[in-house]
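Here are the chains, one letter per residue:
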Amino acid sequence: MPPRLKWAFILSGLLALLLFLGPGLLEWTATAYTDWLWFEELGYLPVYQTRLLAGIVAFLVGILLAAAVLAVNWLLLPSRLAESRILRPYRARLGRMGARTLRWIFVGVGLFIALILATELSNRWLDFLLFRHAVPFGLADPIFGRDVSFYLFRLPVYNLLAGWFLALAILSLLGTLVAYGTTGALRDRGPIAHLSVLGALTLALIAAQYHLARFRLLVSSRGAVFGAGYTDVHARIPIYNGLTVVLLIAAVLFLLNVYFRRWRLLLLVGGAWLLLTVVASIYPAALQRFVVAPNELAAERPYIQHAIRFTRIGFGLENVQEQDFPAEGTLTPEVLDANRSTIQNIRLWDWRPLLTTYGQLQEIRLYYTFNDVDVDRYVLEGGLREVMLAVRELDVDQLAEQAQTWVNRHLVFTHGYGAVVSPVNEFTREGLPNLLVRDIPPQSADPALQITRPEIYFGEVTKEYAIVNTTEPEFDYPSGDQNVYTRYEGPAGVPLGGFFRRVLFAIHFNSSQILFSSALRPDSRILFHRQIGDRVWTLAPIFWYDPDPYAVIADGRIVWLYDAYTWSNRFPYSEPFNEVNYIRNSVKVAIDAYTGETTFYVVDPTDPVIRTYQAVFPTLFTPVEQMPDVLRAHWRYPEQLFRVQAAAYAAYHMDDPQVFYNKEDLWAAPTEVREQGETDMAPYYVVMRLPDEDEVEFLLMRPYVPNGRRNMIAWLYADSDGPDYGQLGVYKFPKQELIYGPMQIEARFDQDPYISQQLTLWNQHGSQVIRGNLLVIPIDDTLLYVEPLYLQAAAGRFPELKRVLVAYGDSVAMAEDLATALAQVVGLAAPPPVTPPSVPPEVSSDVAALARSAQAHYLAAQECLRRNDWACYGRELEALGADLEALVAATGSSE
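Residues numbered from 1 in each chain as written. Predicted model: local features only at pLDDT ≥ 70, side-chain atom pairs only at ≥ 80, totals over all residues. Heavy atoms only, no water.

### As for the sheet that holds strand 13 (residues 494–495)
Stage number 1. The 3 strands lie next to each other as 10-14-13, forming an open sheet whose pairing is antiparallel. At either margin of the open sheet sits one strand with a lone partner, and together these are strand 10 (466–468) and strand 13.
Stage number 2. Two strands pair when backbone bridges link them, and strand 10 and strand 14 (residues 525–527) are joined in this way by 3 bridges, in the antiparallel orientation. From the neighbouring strand, I467 faces strand 14, where its bridge partner is I526. (Pairing = 2+ DSSP bridges. Helix = DSSP H or I, 4+ residues; strand = E, 2+ residues; numbered from the N terminus.)

### Some points on helix 19 (residues 608–616)
Stage number 1. Residues of helix 19 that are buried: P608, V609, I610, T612, Y613 and V616.
Stage number 2. Where helix 19 begins, the capping side chain belongs to D607, and its oxygen is found 3.1 Å from the backbone nitrogen of V609. (Buried < 20%, exposed > 50% of the residue type's maximum accessible area, 1.4 Å probe, protein only. Polar contact = N/O pair within 3.5 Å; in protein donor to acceptor, adjacent residues only side chain to side chain.)

### What to know about the environment of Q404
Stage number 1. Its location among the elements puts Q404 in the loop between strand 4 (383–394) and helix 15 (406–412).
Stage number 2. With a relative accessible area of 29%, Q404 lands in the partly exposed category.
Stage number 3. Within polar-contact distance, the side chain of Q404 engages the side chain of R409 at 2.5 Å.

### As for the layout of surface pockets
Stage number 1. Here the second largest pocket is characterised by a volume of approximately 680 Å³.
Stage number 2. Forming the boundary of the second largest pocket are 27 residues, of which G316, R584, D604, T606 and G726 lie nearest the centre.
Stage number 3. If you list the elements that add at least two residues to the lining of the second largest pocket, you get strand 18 (582–592) and helix 21 (639–652).
Stage number 4. Top element by residues in the lining of the second largest pocket is strand 18. It accounts for 4 residues. (1 Å grid on protein atoms, 1.4 Å probe; cavity = no way out; pocket = protein on both sides within 12 Å on 5 of 7 lines; lining within 4 Å. Points joined across faces, edges and corners; volume = space filled by probe spheres on them.)

### Section: the packing of aromatic side chains
For any pair of aromatic rings, the description consists of the separation of the ring centres together with the inter-plane angle of the planes.
Stage number 1. By the definition in use, this model includes 56 aromatic pairs.
Stage number 2. Ring centres of W537 and Y545 lie 6.5 Å apart, and the angle between their planes is 75 degrees; this geometry places the pair in the edge-to-face category.
Stage number 3. When the ring of W715 is compared with that of Y731, the centres are 4.7 Å apart and the planes differ by 15 degrees; the resulting orientation is stacked. Separated by 16 residues along the polypeptide, W715 in strand 26 (residues 714–719) and Y731 in strand 27 (residues 728–732) bring together distant segments of the chain. Like W715, the residue Y731 is buried in the burial classification.
Stage number 4. Grouped by ring-pair contacts, the aromatic residues W36, W38, F39, Y48, Y465, F505, F509 and F528 constitute a single cluster.
Stage number 5. A cation over an aromatic ring shows up here: R154 above the ring of F131, its NZ or CZ 4.8 Å from the ring centre. (Phe/Tyr/Trp six-rings, centres within 6.5 Å; stacked < 30°, edge-to-face > 60°. Lys NZ or Arg CZ within 6 Å of the ring centre and 35° of its normal.)

### Topic: the packing of helix 9 (residues 230–256) against helix 11 (residues 296–314)
Stage number 1. One way to put it is that helix 9 packs onto helix 11 with a least axis distance of 8 Å and a crossing angle of 95 degrees. Classified by the angle between their axes, helix 9 and helix 11 sit roughly perpendicular to one another. Counted together, Y230, V233 and H234 of helix 9 and A299, E300 and Y303 of helix 11 form the full contact between these two elements.
Stage number 2. Taken together, the residues of the contact of helix 9 with helix 11 sort by class into 4 nonpolar, 1 polar and 1 charged. (Axes fitted to C-alpha atoms, helices over the stretch in contact; angles between N-to-C directions. Parallel < 35°, antiparallel > 145°, perpendicular 65-115°, else oblique. Contact = heavy atoms within 4.5 Å. Nonpolar A, V, L, I, M, F, W, Y, C, P; charged D, E, K, R; others polar.)

### Quick look at empty space enclosed by the protein
Empty space left among the atoms is revealed by rolling a probe the size of a water molecule over them.
Stage number 1. The tally for this structure, following the rule as stated, stands at 3 cavities of 30 Å³ or more.
Stage number 2. Taken as a whole, the largest cavity spans an internal volume of roughly 50 Å³.
Stage number 3. Along its surface, the largest cavity is lined by N371, D372, D374, L389, A390, V391, E393, E460, A551 and W560.
Stage number 4. A total of 4 residues in the lining of the largest cavity trace back to one element, the largest contributor, which is strand 4.
Stage number 5. Counted as a void, the second largest cavity has a volume near 40 Å³.
Stage number 6. When its residues are assigned to classes, the lining of the second largest cavity shows 6 nonpolar, 1 polar and 2 charged.

So this is what it looks like as C-alpha cells:
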C-alpha cells in the first residue's frame with residue numbers, strides 16, 4: 001500500500017472516530033465541568049471530587065490491567081495466525097501486511113474488551129470506597145462468624161473481582177487456544193506451558209467463585225426461611241468446599257503440567273470435579289426430600305430462629321414495645337372531654353380531594369400548581385394542631401402557548417409563591433377547608449404560620465433551570481390586573497462568567513440562547529438541579545429517598561424536609577421486603593426553598609452504614625445537633641419506612657419458631673373502600689394520647705388484621721415527637737373477642753338504611769360521593785372509627801366535605817360534622833329517623849330514573865344471590881328499598 005494511501009486511511013479512520021465519539025465526549029465534558037461548578041457553589045466540591053476520582057482510578061486500573069493481561073497473552077498470536085493453515089491459501093495476497101493487519105485487529109479487539117471491563121469497574125466506584133472504609137457492625141453471622149459488614153461492604157467487591165478476573169482469564173485462554181489450535185502448535189512445549197498457566201488461573205478463579213458462593217447462601221432463599229437452611233449448611237456448603245479444593249488441586253496440577261505433563265492425573269481430577277458437580281445437583285435435593293421434609297420444623301428450627309432475629313435487626317424491629325389493648329372501655333362524654341386534643345385533631349380532610357379543592361380555591365392563576373398536600377403539626381394559639389399544607393409552585397408548562405418563550409421560561413417566570421394551610425378537621429358551612437394560610441401574598445391567621453420569604457425557587461415541580469440577575473425583571477406574583485416583579489436576592493446560582501462557561505452551559509442544556517441572549521450579564525447566575533428530588537439525588541445518589549418530601553414553615557421561610565434511607569439487600573438471614581433487607585432512616589435533608597441550601601443531617605449516628613458513608617464523604621454530612629430546633633420540631637416518622645417495617649413485622653412479630661413456621665399468627669394490612677373500589681389501607685398520621693400516657697403526641701399508625709380475615713388484631717405506631725422519636729410500638733387486641741376491622745366497619749356503614757339511602761341518592765343525580773380515609777382512632781381503652789364523605793358535582797371537580805361517618809361499638813352515625821356524629825354514637829343526640837330523605841324538586845320529577853335504578857339494584861341482587869354473596873345481596877336489597885321509598889315520596893303516594 002502506498003504511504004499516501006495508508007495515511008489517508010489512517011486519517012479517515014481518526015476522523016470517523018472523532019465524529020462518532022466527539023459529540024458524546026463534548027457533552028460529557030460540559031456536564032462534568034458544570035456539575036463541578038454546581039458542587040463548588042453548594043460547598044460540596046470534595047464530594048464530587050471523591051466520586052470523580054474513584055471512578056477515574058477504577059477505570060484506569062481496569063483498562064491498564066486488562067490491556068496488560070491481554071497483551072501478554074496475545075502478543076505473539078498475530079504472527080502465528082498469519083502462518084496458520086487457515087490463512088495459508090491467502091498468504092500471497094496478505095504478504096508482509098498479513099501479520100501486521102492481524103496485529104492491529106488483535107489490538108482493536110483487545111482495547112474494546114479492556115474498555116468494557118474497565119467500564120464495569122468504574123461503574124462500581126462506590127463499592128470500592130465502601131470496601132476501603134467499611135465500619136464493622138459488631139454483629140457476626142451465625143454460620144461463618146463473619147461480621148455483617150463483610151456481607152454489605154466486602155463480599156460485593158470480592159464477587160466483582162472474582163467474576164472480572166475470571167472473564168479476563170477465559171477470554172485470554174480462548175484467544176490463545178484458537179490461535180495455537182489453528183497453527184498446529186498444541187504439541188509444542190511453549191504453547192502447552194502457556195495454556196497450562198492460563199488453565200490454572202481459570203480453575204483457581206472458578207474455585208474462588210465456589211468459595212464465595214458459600215457466603216451467598218446466607219442472602220438467598222431456598223428453604224423454609226430466608227438465608228441458609230439445613231440443606232444449605234449440611235449439603236451445599238460441604239459440596240462447595242469440596243469443589244473449591246478439587247479445583248485448586250487441578251490448578252496446581254495444571255502448573256505442574258508445564259514440567260511433567262501428567263495428563264492422566266489431570267483427567268482424574270477432572271473426573272472428580274464432574275462427579276462433585278453431579279453430586280451438587282442431586283445430593284441437596286435428596287437430603288431435602290428424605291431427611292428434612294419429613295421433619296422440617298425440627299431440622300429448620302435453629303435457622304428459623306436466625307431468620308427471626310436477623311430480620312428484626314435488619315428492619316429495626318428488635319425493640320418494638322408490645323402491649324395489650326383489651327378494648328373494654330366505654331366511650332362516654334367524659335372520655336371525649338378528657339381526649340379533646342385527640343378529637344379536635346381527627347383528620348377529616350383526605351389529601352386527594354383536598355388537593356383538588358386547593359387547586360380550585362388557591363391556585364389563583366393557571367401557571368400555579370399544588371403538587372401534593374402534606375400532613376404536619378404546629379403549635380398554634382389553640383395548642384398542638386394537625387394541619388394540611390401545600391406549596392404553591394410555578395409550572396412553566398402551564399403558561400399560555402404564546403408565552404412559551406425561552407425568556408419567559410428561564411428568565412421571567414422563575415419561582416412559585418407561598419403556601420396554603422388548613423386544619424385537618426375544620427370546614428365551612430359550604431364544605432370547604434378553613435384556610436389558616438391563604439392568598440398571594442400569603443395571609444396567615446396565626447403568627448406561627450407567618451411567611452416572610454414566600455418565593456419558591458426550589459420545589460417538587462421546578463424542573464427547568466432559571467437564570468437570575470439578568471436585564472429582565474422576574475415575575476413575582478399577580479396583583480389584580482397588574483403583576484409585581486422582583487429580583488432574586490439569594491446566594492444560589494453558578495456565575496455564567498465569560499464566553500467559555502457560557503459555551504459549556506449552552507452545550508449542557510442544549511440551549512444556544514445561553515450563548516447569544518443579550519439579556520444575560522457577566523454577573524448573571526444560573527440555578528439548576530432545582531427539583532428537590534433531582535437535587536438530593538445528584539448530590540448523594542447513595543441513599544434511597546422517601547417519595548414524599550414535605551414543606552415546613554420555619555421562622556418565616558419555607559424549608560423542605562426529605563427523609564433519606566441507608567439500605568442494603570445483602571444483610572444475612574434477613575428476609576427482603578420491598579427489595580431491601582436492611583434499612584434505616586439515618587439522614588434527614590433540609591432544603592431551603594429560596595436559597596436552595598441543602599444540608600444532610602445525620603439523625604442516627606449509630607447506623608454502621610451511615611458511619612461508613614461519613615468516612616467516605618466526610619464533608620457531606622452535618623451532625624444532627626446543628627439542626628435548628630424549629631426544623632427538629634417538625635420531624636415526621638417516614639411513611640415509606642413505616643410501610644416496609646409494618647410489612648416485615650406482620651410476619652416477624654412471631655418469635656416462636658413453631659408458630660412462625662406454621663404461620664399461625666400471620667398478620668396483614670387491612671383494606672378500605674375508595675372510589676375505585678377496595679384498596680390497601682395506608683398508614684396515617686394522628687395527634688393522640690397513647691394509653692397510659694399523659695401528653696398527646698404526633699404518631700404514625702396503621703391497624704393489622706389476621707391474614708385472610710377482616711377483624712382487627714393489632715395496631716402498630718411510630719412516635720414522631722421528642723426524645724421518643726422513632727420508637728415503635730404495637731397494641732394487640734384479645735384474640736378471643738371480635739374487634740371490627742376497617743372493611744367490617746365499611747360494610748356496616750353501607751348496610752345502615754339511612755346512610756345507604758343518602759349515598760344512593762347522591763350518587764345518582766348529577767354528583768359523585770368520594771369516600772375519604774377510614775381512620776381507626778384509639779381513645780383510652782376503646783376504638784373510634786371515622787370516615788369523611790365528600791360530594792363532587794359530575795360537571796366539575798370541586799369536592800366539598802358534606803358528611804362525617806362515625807362508628808363506635810355497635811353504633812354507626814352520619815352527620816354534618818364530627819361533633820354531631822359523636823353525640824349520636826354516645827347517646828347524647830338521637831339519630832335521624834330511618835325514613836326516606838327529603839327529595840329535591842329535580843329528583844321528584846325524575847320518576848323514570850328512580851324506577852330504572854330500582855330495577856338495576858334488583859338485577860344486581862339476583863346476581864349476588866347466584867354467587868352466594870350474602871353481604872352483597874343485603875346491600876343491593878337495602879339500595880332497592882331506598883329507591884322504592886324515594887319513588888313513593890316522589891309520586892306523592894302513601895301506604
